[in-house]
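Residue strings, one per chain:
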Amino acid sequence: MLLLIQGGRVVDPARSIDADLDILIENGKIAWLGQHLEAEDAQMVDASGLVVAPGLVDMHVHLREPGFEAKETVATGCAAAARGGVTTLVAMPNTRPATDCPEIVKLVQSKAAPTGVNVLPAGAVTVGQRGQVLTDFDSLRAAGVPALTDDGVPIQNQALLRQAMLRAKERNLPLLDHCEDRDMVQNYALNEGKASQTLGLPGRPAIAEELQIMRDVMLAEETGAHVHICHISTAKGVEIVRQAKVRGVRVTCETCPQYFTLTEEEVLCQGALARVNPPLRTQADVDAIRAGLADGTIDAIVTDHAPHTAEEKARPLPDAPSGMVGLETSLALALTELYHTGLLPMSRVLALMTSSPAALLGLNKGTLGEGCDADLVLFDPNQEWTIDKNQFASKGRNTPFHGRTVRGRVKYTISRGIIIYQEG
C-alpha cells in the first residue's frame, strides 16, 4: 500500500529537517523524502499549507480502562489521541486492577490494537500502587512496558524507592515519579497561595513538590538511575532539575500545557474544572516553566490526560477529583502559547512533543527517517478555532480551556501509514 503526501512543510526535529518536501509511505514505513515525488497507484494527500511532522508522543496519559470505563475507555481515549495528532502514548497504571503484572499490560494492548494508536502501558513500581512491595520488573519489561511509575500515589518510603531505582537501572527502565509529599498535600484542592486564602481552603504548597524533586535527584545521583519528574509545575523545581543536569545527573522532566498557560486564579473562575495535581501555581511559576522549555531544562510536553465524569467534576471543589483532559488540545495550546508568541521555534515545540519523549523512553518513534514507522501528524499551524468540549472524542469534558480561541488545527493523523483521523 502506497501513500504519498505532497506539498507540505516537513518538520522533523530529530533529523534537523525543516523544508518543503513530499513523503512516500510504503507498507506502513517511510520510504522516501524528496521534492516532486510521484508514485503510481498511491493514495494522495495534499498537504499544501500544512506542517507535516512526526506523530506526537505523549508519555503521560490516563486511559482509565480497566476499572473506570465511565470516565474513559481505551477506545475513546485513543480516538481523542488521534484527533489531537498523538500516535504513541504511555498509559498510566492507576487502573483497577493496577497495571502491575503482564496480564493487565496485555489487556490494555489488546484493547488498543484496533485503534491504530500505539499504546504503551507503563508498569506500576509497587504491587497495587500501594508503596509496599516492588512489582516484578523483569516480567513487566518482557511484556513491553517502556517505564515504571506509581504516578498519582508517589512512593513515600525512601528505602523502597532507592531499591526500585537500582532495579530499574539494571533493566534500563526509566522511573517516572509524581513528586508531592503526601503528608503536606493531603487531598487539598489547589495551590497554597492567594487563591486558597481567598477561598479559605488549605492548599498544596510548592515545597511539597520541590522537596520530592530534590529527593529524587539525590537518589538518581547516588544510584545512577534514570529518574523522570512528572508534570513539573514550580519555579524552584525547574531550577533543581536545571542544576542537576549541569552535574550530569540522569534526570529528565516533563510539563503540561496547563502549567505554562494557567495560574491558580483559574480555580476562582472555573472551580473544579481547574483542579489538578500538582495544582496550578503562580505567574512566576508559569514564567519559569516557559523558561525551562526554552533553555532545554524541560524535556517533554505531555497532557496528563485525566478524564472524569461530569457528575464527579460537579462536586464542590474540595470533594471533586483532580485532573483535566488534554489529548485533543495539547498541540494547539503549545503552538498558541509557545510558537505564536515567539518563545520557541516550531522545531523546538515539536521536539518537545515527538523526538525528545521518544528518545528518553528509548522508543524508535518521533522521527520521519526512511524505514521508520510512518506515524505523522499534518496540521495547519495558523488556523484559528475555538475549543469546544462538546465536540471531544474523549468521554471526558473536564477542561478549563472550553471556549478558548487557539491557533493550530490537526487535519490528518497517520499511524503506520494508515489515516486514523481526518478532519471532517
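Residues numbered from 1 in each chain as written. Predicted model: local features only at pLDDT ≥ 70, side-chain atom pairs only at ≥ 80, totals over all residues. Heavy atoms only, no water.

1. Considering the sheet that holds strand S10 (residues 175-177)
Filter applied, for reference: Two strands pair if DSSP finds at least two bridges between them. Helix and strand definitions follow DSSP, with helices as H or I runs of at least four residues and strands as E runs of at least two, each counted in order from the N terminus. Every residue pair with non-hydrogen atoms within 4.5 Å of one another is taken to be in contact. For helices, the axis comes from a line fit to the C-alpha atoms of the stretch in contact; other axes are also lines fit to C-alpha atoms, and the angle between any two N-to-C directions lies between 0 and 180 degrees.
Here we have five strands laid out as an open sheet, ordered S9-S10-S11-S12-S13, and parallel in their pairing. Of all the strands in the sheet, the pair left with one neighbour each is strand S9 (148-149) and strand S13 (300-301). One ladder, built from three bridges, connects strand S11 (residues 227-229) with strand S12 (residues 251-255); its direction is parallel. The partner of valine 227 across the bridge, within S12, is valine 251. Across the face of the sheet, helix H7 (residues 206-223) comes into contact with S10, S11 and S12 while running at roughly 165° to S11. Here helix H8 (residues 235-246) sits on the sheet in contact with S11 and S12, set at roughly 150° to S12.

2. Topic: the packing of aromatic side chains
The line we're drawing: Each Phe, Tyr or Trp ring, with Trp reduced to its six-membered ring, pairs with another whose centre is within 6.5 Å; inter-plane angles below 30 degrees give stacked pairs, above 60 give edge-to-face pairs, and intermediate values give tilted ones. Cation placement over rings: the criterion is NZ of Lys or CZ of Arg within 6 Å of the ring centroid and within 35° of the ring normal.
Per the stated rule, a full pass over the model turns up zero aromatic pairs. Just above the ring of tryptophan 385 sits the side chain of arginine 409; from NZ or CZ to the centre is 4.1 Å.

3. Overview of helix H1 (residues 74-83)
Put simply, the rule is: Only protein chains enter the area calculation, which uses a 1.4 Å probe; residues under 20% of their type maximum are buried, those over 50% are exposed, and those in between are partly exposed.
For H1, the tally of buried residues reaches seven of 10 residues, placing the bulk of the element in the interior. On its buried face, H1 is in contact with strand S7 (86-91), helix H2 (102-112), strand S8 (118-121), strand S15 (405-415) and strand S16 (418-422). Positioned one or two residues after H1, glycine 85 has a phi angle of 85°, which is positive.

4. Some remarks on the layout of surface pockets
Rules: Only protein atoms enter the 1 Å grid used here, on which a cavity is any set of points holding a 1.4 Å probe that cannot leave and a pocket is any open set flanked by protein within 12 Å on both sides along at least five of seven lines; residues with an atom within 4 Å of a point are listed as lining. Grid points are joined across faces, edges and corners, and a volume is the space filled by probe spheres set on the points. Put simply, Ala, Val, Leu, Ile, Met, Phe, Trp, Tyr, Cys and Pro go in the nonpolar bin, Asp, Glu, Lys and Arg in the charged bin, and everything else, Gly too, in the polar bin.
Put simply, the largest pocket is a space of about 750 Å³. Forming the walls of the largest pocket are 32 residues, and the residues nearest its centre are Asn94, Gly152, Val153, Asn277 and Ser322. When its residues are assigned to classes, the lining of the largest pocket shows eight nonpolar, 14 polar and 10 charged. Taken as a whole, the second largest pocket encloses approximately 230 Å³ of empty space. Lining the second largest pocket we find 17 residues, and of these Arg83, Glu328, Trp385, Arg409 and Tyr421 sit closest to its centre. Secondary structure elements with two or more residues in the lining of the second largest pocket: helix H12 (330-339), strand S14 (376-386) and S15. Classifying every residue of the lining of the second largest pocket by side-chain character gives seven nonpolar, six polar and four charged.

5. A closer look at unusual backbone geometry
The linkage connecting arginine 96 with the following residue, proline 97, adopts the cis geometry, with an omega of 0°. Mapping proline 97 onto the fold places it in the loop between S7 and H2. The linkage connecting asparagine 277 with the following residue, proline 278, adopts the cis geometry, with an omega of -10°. Relative to the helices and strands, proline 278 resides in the loop between helix H9 (266-270) and helix H10 (283-295). Not every positive phi belongs to a glycine, and aspartate 304 is a case in point at roughly 50°. With respect to the secondary-structure elements, aspartate 304 resides in the loop between S13 and helix H11 (310-313). Since its relative accessible area comes to 7%, aspartate 304 is described here as buried.

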